[in-house]
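# Tertiary structure, described
Residue strings, one per chain:
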Amino acid sequence: MNDTESLALSVAGVDVQLGDRLIVRDCSFTVGRGEFIGIIGPNGAGKSTLMKSLRGMLPLAAGTVRVFDHPIHSLGDKNAARLVAYMQQEVNVGFGFTALEVVLAGRYSYLKWWRNESEHDRSIARKYMAFTGTEPLADKPVNQVSGGERQRILLAKVLAQETPLIFLDEPTASLDLVYQEEIFRYCQTICAEMKSVLLIAHDIKLAAKFCSRLILLAEGRIVADGSPDEVITVENLERAYGLHAAVFMNQVTGNLDIHTYEAPAQTQQPGTVHVIGGGGAAASILRALYEQGCRLSAGVLQPGDTDADVASAFAVDVVMGQSFCAIGAAQAETNRRKIAEADVVVLGNICYGQQNLDNLQAAFFAHKLIVIEDTPISERDYTGGTAAGLYGQLVRQAQVEVMTSEEFMGRVVTGKIGKQ
Amino acid sequence: MAGKRLNKKLVFTALGLLLAGVTLASLAAGQVKVPIESVLAVVGRHLGSPVELPGVVPTPEQIAVIWHIRLPRTLVGVLVGAALGVSGAVMQGVFGNPLADPGIIGVSAGASLGAVIAVSLGLTSISLYYMPLFALIGAVLAVATTVALSMRDGKIPVMTLLLAGVAVSMFTGAVTSAILTFMNEYRLREFLFWMVGGLDYRRWEHVYLAIGPVVVGILILCVLARHLNILVLGEQEARAVGMPVAFFRMLLLCVSAVTTASAVCVSGSIGFVGLVVPHIMRMLIGPEHRSLLPACALTGAIFLLACDTVGRLLIPPAEIRVGIVTALTGAPYFLYLLRRAQKAGGL
């Protein structure tokens, strides 16, 4: 991919100015054949402006844009349209043109000015309508079809231009999830034919799932450029979006996932909180505390447990046990140390069996303990009364406070947990 | 807006037959009733048809009425109606607005000013040609001014063009009014007669004056119809598929403005044809301009001739001028269309 022959697009030092504002600053990247590149970034980052300037629709204040080694601005209107197809964000198809008529517009650059579309052009239009599943709509006015159908018709139009490079500006905006994924899948198929697609996406997760490469834009600059897992990092998201996020592998979908939250309003100095969990009892507790900016530890958790996944997504210091085994001596030891060190310990609404009974015993080492009780202990005891007995002892201790999850969350939100 | 589309061949056949029918009716009807076969005989003889209709011998009076009075009038009606219908459709396409017509960029106002100048200089009594010629010059100058005012860096933003059109129309309208206040009553009447567009007293000279630019203009516009289809999708879209937008927008505007001006200069202002006809045809056969423009030409001609014939027959011996009839029938129908579109949820 290094030789210029195979470069579909090369962008070097591009600045774009609208009025007296510099919208795009010093953007440089190249696009190889067959790449499916998602351009992401917050609103107003300059994504659409960048794309328009790459298509030659806006003048460049600085830099060069070369399409297959031709400067885009010196290509004629028709030649440019044979190399790059561009689907703009909001197309207003007025006057009730039919789907086929709109798709045929994509053939414009191939026709001499006095000529009409040939049978060849029609068959090409039909071919791409069949590809996007819009052939049955051929004779239907575009202003009478649904949003998803409309976008697919417009995609067929862009494809009918038969260009090696395709620009799509938020083709999935205002579509239902199913249709969004559909558009991305079509793009993947197109790229498999060695065409290159540049797509502006507002949904980072979808872009990460389908694109071969992402370019993250913020305030007109490229913040990151690379594979989805290189680009979607906590640091990049914070830099680009000012967003507090946790990036993790979603176990259900097998895709990169992002959890975002609001940063706490006041900069507090919260103490450390240790959460004793298991079986999903600690997940929402960890999340809420993390979002409040608490320093967290947790234990002893089982690998593969929901709580363990949540803890790793938020980079919580976890004492990890082994699956289907009783808590080992070493882990019990570490857990007790962390409990003793923590300013506050939270004991989740856990079910107790022989394997995790030690978590309950360890809770006695806390200076200050909050016990979450949503269901009575009798319903959570699978040890034949041992756990219930211990639990009864524990909640009678002076340093212990019992409350429901709901009460606890109320306190977390008001910042009353973790403060000394 | 688009309901069931009709079969295009069927529509064109129907329109062709309708035009033939209305033309014959327009030639036959009037103060002097001429039977259809005599009409055919007169026209056939003048066109050098070798076949004489058996048993039909038109009287010299009939010949004079048909050939010197009604035929030029009918032909002017066909030309003007076709020109207004096609130009209206083109303007609506270029501006992406179903309410646009050539008047919007100053054609009518400019033509009026030209006409009023011709009248006030007393040129109309010297030659029949002066009034249309001045009207044509006025219209072209007004359009040129509008375009020049809105052009910046070789680009013409549609919104600026519309506003410049309004400004130019108002300015020329004011000048026209100013001249009118200094005119004597006789000339005032003459101008008023022109203002309320009509087909009466149109002669062959009027046909000769209009036929060239109108026919050529309509042909050019029909050839450019495919480009208009693209332009209607919006400037960005048109550029994205490789169209030199500024060039084609300019070309379409100028050709349709000159076509309209040539028509208006022989007939005076006639409203609503350019607005109603494209609107109806778009509903019947869809927005594809390659069939829409020819259909608008035919329908415009039919509509204008029908209105003229009705205007002649309604209160004989007086005539209601065609500009009044088109407005009286066009405006309510247009309002009805608007109401229906509102009910169906937007235009």
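How each quantity is defined
Residues numbered from 1 in each chain as written. Chains lettered and ligands numbered in written order. Predicted model: local features only at pLDDT ≥ 70, side-chain atom pairs only at ≥ 80, totals over all residues. Heavy atoms only, no water. Helix = DSSP H or I, 4+ residues; strand = E, 2+ residues; numbered from the N terminus. Rg over C-alpha atoms; globule rule 2.2 N^0.38 Å. Contact = heavy atoms within 4.5 Å. Areas by Shrake-Rupley, 256 points an atom, 1.4 Å probe, with all protein chains shown as cover. Lys, Arg positive; Asp, Glu negative; His and termini not counted. Charge placed at Lys NZ, Arg CZ, Asp CG, Glu CD. Buried < 20%, exposed > 50% of the residue type's maximum accessible area, 1.4 Å probe, protein only. pLDDT = per-residue confidence, 0-100. Pairing = 2+ DSSP bridges. Axes fitted to C-alpha atoms, helices over the stretch in contact; angles between N-to-C directions.

### Thoughts on the overall build of chain B
The number of helices and strands found in chain B is 14 helices and zero strands. Listing every helix and strand of chain B by position from the N terminus yields α-α-α-α-α-α-α-α-α-α-α-α-α-α. Its C-alpha radius of gyration of 21 Å places chain B within 12% of the 20 Å reference for a compact globule of 347 residues. Each of the three principal axes of chain B carries a C-alpha extent, and together these read 65 × 55 × 40 Å. When contacts within chain B are restricted to residue pairs at least 6 apart in sequence, long-range pairs at least 24 apart make up 75% of them. Carbon and sulfur atoms form 71% of the exposed surface of chain B, whose accessible area is close to 15300 Å². A gap of 9 Å separates the mean positions of the 24 positive and 14 negative side-chain charges of chain B.

### A look at the overall build of chain A
Looking only at helices and strands, one finds 15 helices and 18 strands in chain A. The globule rule puts the C-alpha radius of gyration for 420 residues at 22 Å, and the 29 Å found for chain A is more than 25% above it. Considered along the principal axes of its C-alpha atoms, chain A spans approximately 95 × 45 × 40 Å. Taken across its 420 residues, chain A has 53% of its residues classed as buried. The contacts of chain A with a sequence gap of at least 6 include a subset with a gap of at least 24, amounting to 65%.

### A look at the confidence of the model for chain B
Of all residues in chain B, 96% attain a pLDDT of 70 or more, and the chain-wide mean is 85. The ipTM assigned to the predicted complex is 0.80, against a pTM of 0.79.

### Considering the sheet that holds strand E2 (residues 21-32) of chain A
Paired through backbone hydrogen bonds, the strands of a sheet run either parallel or antiparallel to each other. Pairing within the open sheet is antiparallel, and its four strands lie in the order E2-E1-E4-E5 (chain A). Because the sheet does not close on itself, it has two edges, and the strands there are E2 and strand E5 (70-71) of chain A.

### Observations concerning the sheet that holds strand E9 (residues 213-218) of chain A
All names here are of chain A. Overall, mixed pairing links the six strands, which are arranged E6-E7-E8-E3-E9-E10 in an open sheet. Each of the sheet's edge strands pairs with one partner strand only, and the pair in question is strand E6 (84-87) and strand E10 (221-226). Each strand of the sheet is rotated relative to its neighbour by a mean of 15°, with strand direction disregarded. When strand E7 (residues 165-169) meets strand E8 (residues 196-200), the two strands line up parallel, connected through five bridges. Within E8, the position partnered with Phe167 by the bridge is Leu198. Sitting on the sheet, helix H5 (residues 147-160) touches E6 and E7, and the angle it makes with E6 is about 165°. Each of strand E3 (36-40), E7 and E8 touches helix H6 (residues 177-192); the most contacted strand, E8, lies at about 155° to it.

### Notes on the pairing of E6 of chain A
In regular strands, side chains alternate between the two faces of the sheet. All names here are of chain A. Neither face of E6 is exposed, since Val84 and Tyr86 on one face and Ala85 and Met87 on the opposite face are all buried. Where E6 lies against E7, four bridges are found, and the strand directions are parallel. For Val84, the partnering residue across the bridge sits in E7 and is Leu165.

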